[in-house]
Amino acid sequence: MVGEPPTLSVLLDSRLAARGLGIATFTDRLSAVLEDSGEVRVGRWQAGGDWGWRARLATMGRSGLFDLSPRLDPRTSSFDVVHFVSNLGSLRPGRASVFTVHDLLYRRSRRARDVVLGFLLERSVARVGWVVAVSARTASEVAVAFPALQGRVAVIPHGQRRLPPPTGERIHVLAFGGGGDPRKRVDLMIASYRRYRESDPDPRPLVVLARAGLTSPQRQALESLGARPVEHAPPTEVDQLVAQAAVVLYPSEAEGFGLPILEAGEAGTPVVMDRAADVATEVVGRHCVLVDGTDPSAWSAALRRAIAAGPVADALDLPDWAEVARRYVALYREVARAGRPGAPR
């Protein structure tokens, strides 16, 4: 289009993208494909050094004027579009802005941290140029919570990587930690695996990605079962663990999106999960084995069925990351035009 810059400068605000969590994975993959598109020059607003809660606090502690508006902060004022990618935004984001809403789970929480972050999200999202929901479910929740945003909400899900089919042996059961978060139902995971181990003559060992934490009793129970917790796995190791898994045991009752389910589908790894789990329907693919209720015996039986059935090809119907990037670039160009001086309101 005549008058459009050949390259847009986009600032990604990823202050809450703590390494190992789904929002960080989303941000890293989106940033990479945007750069590869050749249409966007990406800047990141985040702490220097390693990710983690210390870096996150350091970034937010130095936010200064950015918390009010990116245009006011001399460190970040030169960009065409600001994209808030981690469920946190500035109080006055400006018209040339995009806000990706991963979930509204804070509305169900009484934790002080969630209440504060929810307050900031609501003040920001009401003033942005466009909102992107990562699933149809989240879009519906946004429409109910923010009726004034009608006509300014798009649905762009996470992309799917087109990975070659794993060729190695499927050697373990993979599960996830969650500490004291009741949504993760780590105790159900442990009880289900224990029942599976008791009922199978040759059980697969358990590997637990513990990046979200484990309580002391949970660690003791896992140790008694011979499980191997993995505390801090880089993305390449996570991919390897998923590809080597005979099954993913995922009893979580609610997730903002359900990235582990997506990543399992990319590798053709079956996932045993709750039929009633509140996750994005886009990730509940042909690789999902659904369980009703919380009886560990039912979960154990589902584990055995999933392992016996083996890997599942073409499990998901999500777009690839290149298509996700194209959708975001089109939206960036629209909000950049709307944010220019003299643009009609």
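Keep in mind that what you see is a predicted model, and the values were worked out from it rather than measured.

Draft legend 1. Main features of the packing of helix α5 (residues 186-199) against helix α9 (residues 296-309). Following both chains from N to C, one finds α5 and α9 inclined at 65°, their axes separated by 8 Å at the closest point. Crossing geometry of α5 relative to α9 is assigned as right-handed. Across the interface between the two elements, Leu188, Ala191, Ser192, Arg195, Tyr196 and Ser199 of α5 pack against Pro296, Ser297, Trp299, Ser300, Leu303, Arg304 and Ile307 of α9. Taken together, the residues of the contact of α5 with α9 sort by class into seven nonpolar, four polar and two charged.

Draft legend 2. How the structure looks around the sheet that holds strand β12 (residues 288-291). Strands sit in the order β9-β8-β7-β10-β11-β12 across an open sheet of six strands; the sheet is parallel. Looking at which strands have only one partner, the edges of the open sheet turn out to be β9 (228-230) and β12. Across the sheet, the mean angle from the axis of one strand to that of its neighbour is 25°, orientation sign disregarded. Two strands pair when backbone bridges link them, and strand β10 (residues 245-250) and strand β11 (residues 271-274) are joined in this way by three bridges, in the parallel orientation. Residue Val248 lies in a different strand from β11, and its bridge partner there is Val271.

Draft legend 3. Molecular detail of the environment of Leu290. Mapping Leu290 onto the fold places it in strand β12. Here Leu290 falls in the partly exposed class, since its relative accessible area comes to 28%. It is 20 Å that separates the C-alpha atoms of Leu290 and Pro182, two residues lying 108 residues apart in sequence. Residues within four places of Leu290 in sequence aside, it is in contact with Met273, Arg275 and Val284.

Draft legend 4. The environment of Arg127, seen in detail. You can see Arg127 is positioned in the loop between α3 (112-125) and β5 (130-133). Here Arg127 falls in the partly exposed class, since its relative accessible area comes to 39%. Once the C-alpha coordinates of Arg127 and Leu91 are considered, the two residues, 36 residues apart in sequence, prove to be 8.0 Å apart. When near neighbours in sequence (up to four residues on either side) are disregarded, Arg127 contacts Leu91, Arg92, Pro93 and Gly94.

Draft legend 5. Summary view of the packing of aromatic side chains. Tallying each qualifying case throughout the model produces five aromatic pairs. Considering the side-chain rings of Phe26 and Trp321, the 6.1 Å spacing of their centres and the 50° angle between planes classify their relative orientation as tilted. In this pair, Phe26 is assigned in helix α1 (residues 22-37) and Trp321 in helix α10 (residues 321-339), connecting sequence segments 295 residues apart. Each of the two residues, Phe26 as well as Trp321, counts as buried.

Draft legend 6. Region of interest: the pattern of salt bridges. Using the criterion set out here, one finds 19 salt bridges in the structure. For Asp278, the salt bridge is made with Arg108, and the minimal N-O distance between the two is 2.5 Å. You can see Asp278 sitting in the loop between β11 and β12 and its partner Arg108 sitting in the loop between β4 (97-101) and α3, a full 170 residues away along the chain. Classification of Asp278 by relative accessible area gives partly exposed; the value is 22%. Judged by relative accessible area, which is 49%, Arg108 ranks as partly exposed. Between Asp278 and Arg137 there is a salt bridge, with its nearest N and O atoms 2.8 Å apart.

Draft legend 7. Region of interest: unusual backbone geometry. Unlike most non-glycine residues, Arg185 shows phi in positive territory, near 50°. Of note in this structure, Asp314 is not a glycine but carries a positive phi near 50°. According to the relative accessible area criterion, Asp314 is exposed, its value standing at 63%.

Draft legend 8. Broad picture of the pairing of β4. Taken across its five residues, β4 has five buried, putting it largely inside the fold. Burial along β4 is two-sided: the face carrying Ser97, Phe99 and Val101 and the face carrying Val98 and Thr100 are both buried. Of the pairings in the sheet, the one linking strand β3 (residues 81-84) to β4 comprises three bridges and is parallel in character. Residue pairing across strands places His83 opposite Val98, the latter belonging to β4. With four bridges joining them, β4 and β5 adopt parallel strand pairing. Note on β5: the bridge partner recorded for Thr100 is Val132. Between the parallel pair β4 and β5, the chain is carried across by α3, and the sense of this crossover is right-handed.

Quick notes on the rules
Residues numbered from 1 in each chain as written. Predicted model: local features only at pLDDT ≥ 70, side-chain atom pairs only at ≥ 80, totals over all residues. Heavy atoms only, no water. Axes fitted to C-alpha atoms, helices over the stretch in contact; angles between N-to-C directions. Helix = DSSP H or I, 4+ residues; strand = E, 2+ residues; numbered from the N terminus. Left-handed = near helix turned anticlockwise from the far one by under 90°. Contact = heavy atoms within 4.5 Å. Nonpolar A, V, L, I, M, F, W, Y, C, P; charged D, E, K, R; others polar. Pairing = 2+ DSSP bridges. Buried < 20%, exposed > 50% of the residue type's maximum accessible area, 1.4 Å probe, protein only. Phe/Tyr/Trp six-rings, centres within 6.5 Å; stacked < 30°, edge-to-face > 60°. Salt bridge = Lys/Arg side-chain N within 4 Å of Asp/Glu carboxyl O. Right-handed = clockwise from strand over helix to strand, strands pointing away.

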